[in-house]
Amino acid sequence: MKRLIIAILLVCSVLFIANTAFAEKTEAKESSLLRLCIWPGLWSWPTDQNIYGLQLGIPVSFNKKNTVAGVDAALGVSMAECVKGLRGSFLLNMGHDSSGVEFSTVNISKNFNGVSCAFFNQARKKSAILQLGIVNQAQDSKG
C-alpha cells in the first residue's frame, strides 16, 4: 500500500512540475491533459495538441509535432519526439529532444537530458546527467 501511495505521489508531482515548468517554453497551441494513442496513422485522440499530463499508448504512443510534458507511457513503443518528464515503455523509447527520466528495454534519443535506464541507451548527439544500462552510447556526454 505504501508503494502505491508513493508511486501516485511521484506521478502527480511529475505532472504538476512539468505543467508549470514547461508550459512557457513550448509554442502556444491548444493543450490537453490526456492523449490516447493506438498506432501511428491509425488513431489518436486528441490530435495536434501539446499534452500537459498523460499520453498513453496501447501499444504505441506517438507525437511527432507537439510536446508531451508530464508522463508518456506505452505498453510497447514510445515514439514521441519531445518529452519533458517521465517516459516509460516495455520495448523501445525513441525521440528527438527529451528531458527527465526514461526507462525501457532500449532508449534511443537524438538529444537527452536526465536519467535514462535501459539495457541499451543511445543519445546520438548530446547526453547529460546519467545513462544506466549494459550498453550506453553517446557522442557528446556530460555527466
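Residues numbered from 1 in each chain as written. Predicted model: local features only at pLDDT ≥ 70, side-chain atom pairs only at ≥ 80, totals over all residues. Heavy atoms only, no water.

Participant: Honestly, the confidence of the model for the protein chain in this entry has me stumped. Any pointers?
Facilitator: On average, the protein chain scores 80 in pLDDT, and the residues at 70 or more come to 78%. Across residues 15-24, where pLDDT falls below 50, the model places 14 contacts with residues more than four positions away in sequence or in other chains. (pLDDT = per-residue confidence, 0-100. Contact = heavy atoms within 4.5 Å.)

Participant: Would you mind going over the packing of aromatic side chains with me for this structure?
Facilitator: The description of an aromatic ring pair rests on the distance of the ring centres and on the angle between the ring planes. Throughout the structure, instances matching the rule amount to 0 aromatic pairs. Note that Arg 35 overlies the ring of Phe 62, its terminal NZ or CZ placed 5.3 Å from the centroid. (Phe/Tyr/Trp six-rings, centres within 6.5 Å; stacked < 30°, edge-to-face > 60°. Lys NZ or Arg CZ within 6 Å of the ring centre and 35° of its normal.)

Participant: Even after reading the chapter, I still don't get the pairing of strand 1 (residues 31-39), so can you show me in this structure?
Facilitator: Taken residue by residue, a regular strand's side chains alternate between the two faces of the sheet. With 6 bridges joining them, strand 1 and strand 3 (residues 50-57) adopt parallel strand pairing. Across the sheet, residue Leu 36 finds its bridge partner in strand 3, namely Leu 56. As paired elements, strand 1 and strand 2 (residues 43-45) share 3 bridges and run antiparallel to each other. Bridge pairing in strand 2 links Leu 36 to Trp 45. (Pairing = 2+ DSSP bridges. Helix = DSSP H or I, 4+ residues; strand = E, 2+ residues; numbered from the N terminus.)

Participant: Is there a simple way to explain the pattern of salt bridges in this structure?
Facilitator: Any two side chains of opposite charge can pair, given that their charged atoms come close. Going through the model one piece at a time under the given rule, you end up with 3 salt bridges. Where Glu 81 meets Lys 64, a salt bridge forms, and the shortest distance between an N and an O atom there is 3.4 Å. On the criterion of sequence distance, the pair formed by Glu 81 in strand 5 (residues 77-89) and Lys 64 in strand 4 (residues 60-74) is long-range, its members being 17 residues apart. Using a relative accessible area of 54% as the deciding quantity, one classes Lys 64 as exposed. We note a salt bridge from Asp 72 to Arg 87, for which the minimum N-O separation is 3.7 Å. (Salt bridge = Lys/Arg side-chain N within 4 Å of Asp/Glu carboxyl O. Buried < 20%, exposed > 50% of the residue type's maximum accessible area, 1.4 Å probe, protein only.)

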